[in-house]
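The lines below spell out each chain.
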Amino acid sequence: DAKTTQPTSMDCAEGRAANLPCNHSTISGNEYVYWYRQIHSQGPQYIIHGLKNNETNEMASLIITEDRKSSTLILPHATLRDTAVYYCIVRPTTQGGSEKLVFGKGMKLTVNP
Amino acid sequence: NAGVTQTPKFQVLKTGQSMTLQCAQDMNHNSMYWYRQDPGMGLRLIYYSASEGTTDKGEVPNGYNVSRLNKREFSLRLESAAPSQTSVYFCASSVQTGAYEQYFGPGTRLTVT
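Nothing here was measured: the structure is a model prediction, and the numbers come from that model.

Criteria and cut-off values
- Residues numbered from 1 in each chain as written.
- Chains lettered and ligands numbered in written order.
- Predicted model: local features only at pLDDT ≥ 70, side-chain atom pairs only at ≥ 80, totals over all residues.
- Heavy atoms only, no water.
- Buried < 20%, exposed > 50% of the residue type's maximum accessible area, 1.4 Å probe, protein only.
- Helix = DSSP H or I, 4+ residues; strand = E, 2+ residues; numbered from the N terminus.
- Pairing = 2+ DSSP bridges.
- Salt bridge = Lys/Arg side-chain N within 4 Å of Asp/Glu carboxyl O.
- Contact = heavy atoms within 4.5 Å.
- Phe/Tyr/Trp six-rings, centres within 6.5 Å; stacked < 30°, edge-to-face > 60°.
- Axes fitted to C-alpha atoms, helices over the stretch in contact; angles between N-to-C directions.
- Disulfide = S-S within 2.5 Å.

Chemist: Please clarify how the pairing of strand 3 (residues 31-38) of chain A should be interpreted in this entry.
Modeler: Residue and element names in this part refer to chain A. With respect to burial, strand 3 is a largely interior element, eight of its eight residues being buried. The alternating pattern of strand 3 places Glu31, Val33, Trp35 and Arg37 on one face and Tyr32, Tyr34, Tyr36 and Gln38 on the opposite face, and all of these are buried. Relative to strand 8 (residues 84-92), strand 3 runs antiparallel, the two being bridged by eight bridges. Counterpart to Tyr32 in the pairing with strand 8 is Arg91. Across five bridges, the pairing between strand 3 and strand 4 (residues 45-50) is antiparallel. From the neighbouring strand, Arg37 faces strand 4, where its bridge partner is Gln45. Counted along the chain from strand 3 to the antiparallel partner strand 4, the turn is six residues long, and its residue Ser41 has a positive phi close to 70°.

Chemist: Before we go on, may I ask you to explain the pattern of salt bridges in this structure?
Modeler: Between side chains of opposite charge, pairing is possible as soon as their charged atoms come close. Residue and element names in this part refer to chain B. Within the structure shown, the criterion is met by four salt bridges over all chains. In this structure, Asp38 and Arg36 form a salt bridge, with 2.9 Å as the shortest nitrogen-oxygen distance. You'll find Asp38 and Arg36 in the same group, each marked buried. The partner of Glu79 in a salt bridge is Arg77, and the shortest N-O contact between them spans 3.2 Å. Under the relative-accessibility criterion, Glu79 is labelled partly exposed at 43%.

Chemist: Would you take a moment to explain the environment of Gly29 of chain A for this structure?
Modeler: All names here are of chain A. Position of Gly29 among the secondary structure elements: in the loop between strand 2 (18-23) and strand 3. A sequence separation of 17 residues divides Gly29 from Cys12, and the C-alpha atoms of the two residues are 33 Å apart. Beyond its immediate sequence surroundings of up to four residues, Gly29 is in contact with Leu51 and Arg68.

Chemist: Please clarify how the packing of aromatic side chains should be interpreted in this entry.
Modeler: The geometry of an aromatic ring pair is captured by the separation of the ring centres together with the interplanar angle, meaning the angle of the planes. Summed over the entire model, instances satisfying the criterion amount to ten aromatic pairs over all chains. Taking the centre distance of 5.7 Å and the plane angle of 75° together, the rings of Tyr36 of chain A and Tyr46 of chain A count as edge-to-face. Taken together, the positions of Tyr36 of chain A in strand 3 and Tyr46 of chain A in strand 4 put the pair ten residues apart, joining distant regions of the chain. Across the pair, exposure class does not vary: Tyr36 of chain A and Tyr46 of chain A are buried alike. Aromatic side chains Tyr33 of chain B and Tyr48 of chain B sit 6.3 Å apart centroid to centroid with 25° between the ring planes, which places their arrangement in the stacked category. Placement of Tyr33 of chain B in strand 4 (residues 31-37) and of Tyr48 of chain B in strand 5 (residues 43-49) is noted, with a sequence separation of 15 residues between them. By relative accessible area, Tyr33 of chain B is classed as buried at 1%.

Chemist: I tried to follow the sheet that holds strand 4 of chain A on my own but got confused; where do I start?
Modeler: For sheets, the rule is that strands pair by backbone hydrogen bonds, running either parallel or antiparallel. All names here are of chain A. Here we have five strands laid out as an open sheet, ordered 1-9-8-3-4, and mixed in their pairing. Two strands lie at the open edges of the sheet, namely strand 1 (9-13) and strand 4, each paired on one side alone. Within this sheet the neighbouring strands show an average axis-to-axis angle of 25°, counted without direction.

Chemist: What is the right way to look at the state of the cysteines in this model?
Modeler: Note: disulfide means a covalent bond formed between the sulfur atoms of two cysteine side chains. Applying the stated criterion across every chain yields a total of two disulfides over all chains. Through a disulfide, Cys22 of chain A is tied to Cys88 of chain A; the S-S separation comes to 2.1 Å. Here the disulfide of Cys22 of chain A and Cys88 of chain A is left-handed, its torsion about the S-S bond being about -85°. Taken together, the residues Cys22 of chain A in strand 2 and Cys88 of chain A in strand 8 connect sequence positions 66 residues apart. With respect to burial, Cys22 of chain A and Cys88 of chain A carry one shared label: buried. With its sulfur 1.9 Å from that of its partner, Cys23 of chain B forms a disulfide with Cys91 of chain B. For the disulfide bridge between Cys23 of chain B and Cys91 of chain B, the dihedral angle about the S-S bond is near -75°, and by the sign convention the bridge is left-handed.

What follows is the structure in structure tokens.
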């Protein structure tokens, strides 16, 4: 699986947009970009995924660069409940592909009042 | 729907004792997973079950056994607990292996003294 690089931590003001970067310069053509988050002491929670087009759901938007070597997760109006560790993961999504999610250490987002 | 449930929430064992961690999901998912998370680390896959009746090793299977009891339940057994198995254990499920989204349980915090 391709390796991802994220900042260790980031702060954001409540109500502002939080832009979380991820570098995945060795991503392969069949690998999707996933984002999960883990709020303190809870199990990880799926946020969004994408292949090459930008994606949006009720939680966030995912912007993937044209060369697919990096992406940005956008939380449009961060709240205190968005304080969590955010994991950017790349993996193939095909039957018979790697079955594990390699979480790495992620990035701690702190939303401040 | 309860989603993914795990029991117990907390457990303290002495070295050499055995125990079974229970996991159940009510989403009719085919695939289930066991992960461990050590302090400051990402999650690592212990075992997974692609479908009822099948199990496969993940990254760190040594010292563990699993049973896919039926489609709903996937248990993790420590036959002879060691201090190195002190960790938080998460169970997860997905519609199928390779599916976009894994749903995680709340975790079991295990301490082995």
